Amino acid sequence: MQTRKRLRIAAQKSGRLSKAGLDLLSRCGLRFRHGRDRLYCDGENLPIDLLLVRDDDIPGLISSGACDLGIVGRNVLAEAMADTNRHGGLRELRALGFARCRLALALPQDEAWRGPQQLEGRRIATSYPHLLQGWLQRHGVQADPVVLSGAVEIAPRLGSADLVCDLVETGTTLAANQLREVVTLLDSEAVLAGAVATPENPRSRLIERLLARLDGVLGGRESRLVMLQAPRAALDAIVALLPAAVSPAITPIEGQPGRMAVQALCSGSIDWQDLEAMRSAGAESLLVLPVEKMLS
Ligand code: PRT
Ligand code: ZN
């Protein structure tokens, strides 16, 4: 696997991660020729190919060396990492900020929550036995995981478990099954997973290049470019109002002595109040622009 020159990224074929995951790769400038079977897609403009698979297969594809990177839920990656007998050398490289959810314990609605000890000897339905066991061990509790690959929430109603440990987003599914979320085991979102770096990997420079582009896209999402003009005397007050600005560029305006143009990259949102405060401090011609890409 070390001699392979082209990079391989695994992404979910269809599901909650696929559209946003492929959009992200496209914003990093990757283009793929979709094959007839839509499973293996050759990279058109870079030596980076795409493999479209079930999300559960992604950690195994990376730990076996068949793929270098993968877009997968932290829940799936963390479960694989906790299963050290099967998967080694995996790591989370970047959090991608979509498909947010949490792995949580949920009890029947009529049962009060008194803490982890209450789980002693109980049957807990889950698709995440390693994460659940890790949490139980940390709390000194011995329970009985009932491993299911789907329809976990229905297990207590069927009598095959007493409670569940499952993914929750809005909580609607739990409520529909008369369950109540009581503890979060893991906060999850889509992540870029990869293998622990080895110095002799011939694809590591390509991985670094892709990560730099990804950081540029992810950083851009959080950033705004603010442009304005102001009298020189008002600059200190205005710059102090710019939310988390990184070293603003301040330049004189041709033919307008004492008047300056300011350009600042700011992180976080900039709302109308921020703009109004800057205008009250003397700023004019205020512009707030989204940032598509960043490369420093
Ligand atoms: O076919 P494949 O195996 O690839 O897909 P899959 O069916 O296993 O996965 P998919 O597409 O459903 O989810 C992929 C990933 O999306 C998960 O591993 C999580 O990282 C993430 N994600 C985000 C979620 C949810 N939100 C979510 N709500 N995964 C599952 N759910 C389930 C939840 O368990 C509940 O049963 O959706 C249901 C609705 O949630 P509520 O709380 O909004 O009612
Ligand atoms: Zn799956």
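As the structure is a computational prediction, the values presented were derived from the model and not from experiment.

Student: Sorry if this is basic, but what is going on with the overall build of the protein here?
Tutor: Of regular secondary structure, the protein possesses nine helices and 16 strands. By the compact-globule yardstick of 19 Å for 296 residues, the protein is too spread out, its C-alpha radius of gyration being 25 Å. Judged by the C-alpha coordinates and their principal axes, the protein covers about 80 × 55 × 35 Å. By the burial criterion, 43% of the 296 residues in the protein qualify as buried. Long-range pairs, those at least 24 residues apart, make up 70% of the contacts in the protein with a sequence separation of at least 6. Accessible surface for the protein amounts to roughly 15,700 Å². Of this, 51% is attributable to carbon and sulfur atoms. Placing the 35 positive and 34 negative side-chain charges of the protein at their respective mean positions leaves the two points 6 Å apart.

Student: Can you walk me through the site of ligand 1 in this structure?
Tutor: Looking at ligand 1, there are 22 residues lining it, with Arg16, Asn75, Glu153, Thr170 and Thr173 nearest. The contact in question runs from an oxygen atom of ligand 1 to an N or O atom on the backbone of Gly171, over 2.8 Å. When the free accessible area of ligand 1 is taken as 840 Å², the share hidden by the protein chains comes to 79%. When contributions to the shell around ligand 1 are tallied by element, the ones reaching two or more residues are helix H3 (74-82), strand S10 (163-168) and helix H6 (172-176). Among the elements that make up the shell around ligand 1, the one with the highest residue count is S10 (three residues).

Student: How do you make sense of the domain arrangement of the protein when you look at a structure like this?
Tutor: As assigned here, the protein comprises domain 1 (7-99 + 190-220), domain 2 (101-188) and domain 3 (223-290). One C-alpha centre belongs to domain 1, the other to domain 2, and the line joining them spans 29 Å. Both sides together, the interface formed by domain 1 and domain 2 hides about 850 Å², and carbon and sulfur atoms give 52% of it. For the domain 1 face of the interface with domain 2, the top three residues by lost area are Arg74, Asn75 and Glu79, together amounting to 60%. Joining domain 1 to domain 2, the criterion identifies one salt bridge. In this structure, the salt-bridge partner of Arg16 is Glu169, at a minimum N-O distance of 3.7 Å. Joining domain 1 to domain 2, the criterion identifies six residue pairs in polar contact (both at pLDDT 80 or more). In terms of residues, the side of domain 1 that touches domain 2 owes the most to one element, H3, which gives six residues. Along the lines of polarity and charge, the residues of the side of domain 1 that touches domain 2 split into four nonpolar, two polar and four charged.

Student: Would you mind showing me how to read the pairing of strand S13 (residues 223-231) here?
Tutor: It is a general feature of regular strands that their side chains alternate between the two faces of the sheet. Judged from the nine bridges that link them, S13 and strand S15 (residues 259-267) form a sheet pairing that is antiparallel. Among the inter-strand pairings, Pro231 is bridged to a residue of S15, identified as Arg259. One ladder, built from five bridges, connects S13 with strand S16 (residues 284-290); its direction is antiparallel. Looking at the pairing, Met227 lines up with Leu287 of S16.

Student: I would appreciate a short explanation of the sheet that holds S15 in the present structure.
Tutor: In any sheet, the strands associate via hydrogen bonds between backbone groups, in a parallel or an antiparallel arrangement. Overall, antiparallel pairing links the four strands, which are arranged S14-S15-S13-S16 in an open sheet. Two strands bound the open sheet, and with one partner strand each, they are strand S14 (245-252) and S16. The mean inter-strand angle of the sheet, taken between neighbouring strand axes irrespective of direction, is 15 degrees. Lying on the sheet, helix H7 (residues 204-222) is in contact with S13 and S15; it crosses S13 at an angle near 55 degrees.

Student: What exactly am I supposed to notice about helix H4 (residues 129-138) here?
Tutor: The periodicity of an α-helix, 3.6 residues per turn, causes residues three or four positions apart to be oriented the same way. Every buried residue belonging to H4 is among Pro129, Leu131, Leu132, Gly134, Trp135 and Leu136, and all of these are buried. Those residues of H4 that are buried are in contact with H3, strand S7 (101-108), strand S8 (123-126), strand S9 (144-147), S10 and strand S11 (179-188). Taken from the residues just after H4, Gly140 is the one with a positive phi, measuring 65 degrees.

Student: How do you make sense of the packing of H3 against H4 when you look at a structure like this?
Tutor: Each packed pair of helices is defined by two parameters, the angle between the axes and the distance between the axes. Between H3 and H4, the least distance of the axes is 7 Å, while the angle of their chain directions is 70 degrees. Overall, the two elements H3 and H4 adopt an arrangement that is roughly perpendicular. H3 and H4 meet at a crossing whose hand is left-handed. Each of Asn75, Ala78, Glu79 and Ala82 in H3 lies in contact with H4, whose residues at this interface are Pro129, His130 and Leu131.

Student: Could you clarify how one ought to interpret the pairing of strand S5 (residues 69-73) in this entry?
Tutor: Burial runs high along S5: five of the five residues are buried. In the sheet, strand S1 (residues 7-12) pairs with S5 via two bridges, with the strands oriented parallel. Along S5, the bridge assignment pairs Ile9 with Leu69. Direction of pairing for S5 relative to strand S12 (residues 190-195): antiparallel, over a ladder of five bridges. Residue pairing for S12: Leu69 is matched across the bridge by Gly194.

Calculation rules
- Starting afresh in each chain, residues are numbered from 1 along the sequence in its written order.
- Throughout, the order in which chains and ligands are written sets their labels, letters from A for the former and numbers from 1 for the latter.
- In keeping with the predicted nature of the model, local features appear solely for residues at pLDDT of at least 70, side-chain atom pairs appear and are counted solely at 80 or more, and the whole-chain, interface and lining totals rest on all residues.
- Hydrogens and waters are ignored; side-chain quantities use all the structure's heavy atoms.
- Here a strand is any run of E in DSSP of at least two residues, a helix any run of H or I of at least four, and the numbering for each starts at the N terminus.
- Atoms counted for the radius of gyration: C-alpha only. Globule rule: 2.2 Å times residue count to the power 0.38.
- For every residue, the accessible area obtained with a 1.4 Å probe (protein chains only) is divided by the maximum for its type, and the residue is called buried under 20%, exposed over 50%, and partly exposed between those limits.
- Working rule for contacts: check all heavy atoms of both residues, and any pair within 4.5 Å makes them a contact.
- The Shrake-Rupley method, run with a 1.4 Å probe sphere, supplies the accessible areas, and residue values consider only the shown protein chains as cover.
- Lys and Arg are tallied as positive, Asp and Glu as negative. Neither His nor the chain termini are counted.
- Working definition for charges: the position is that of NZ of Lys, CZ of Arg, CG of Asp or CD of Glu.
- Here a residue counts as near a molecule or strand whenever at least one of its heavy atoms sits within 4 Å of it.
- Definition of a polar contact: a pair of N or O atoms within 3.5 Å, with one able to donate and the other able to accept a hydrogen when the atoms are protein atoms, and with sequence-neighbouring residues admitted only if both atoms are side-chain atoms.
- Each domain span listed reflects an automatic or database assignment of domains.
- Throughout, buried area stands for the accessible area (probe radius 1.4 Å) lost by two parts on being put together, summed over both.
- For this document, the term salt bridge refers to a Lys or Arg side-chain nitrogen within 4 Å of an Asp or Glu carboxyl oxygen.
- Residues are grouped as follows: Ala, Val, Leu, Ile, Met, Phe, Trp, Tyr, Cys and Pro are nonpolar; Asp, Glu, Lys and Arg are charged; all remaining types, including Gly, are polar.
- Note on pairing: DSSP must find at least two bridges between two strands before they are called paired.
- Lines fitted to C-alpha atoms define the axes here, with helix axes fitted over just the stretch in contact, and angles between the N-to-C directions of these axes take values from 0 to 180 degrees.
- Roughly parallel means an angle under 35 degrees; roughly antiparallel means over 145; roughly perpendicular covers 65 to 115; every other angle is labelled oblique.
- Here a crossing is called left-handed whenever its near helix is offset anticlockwise from the far helix by less than a right angle, and right-handed whenever the offset is clockwise.

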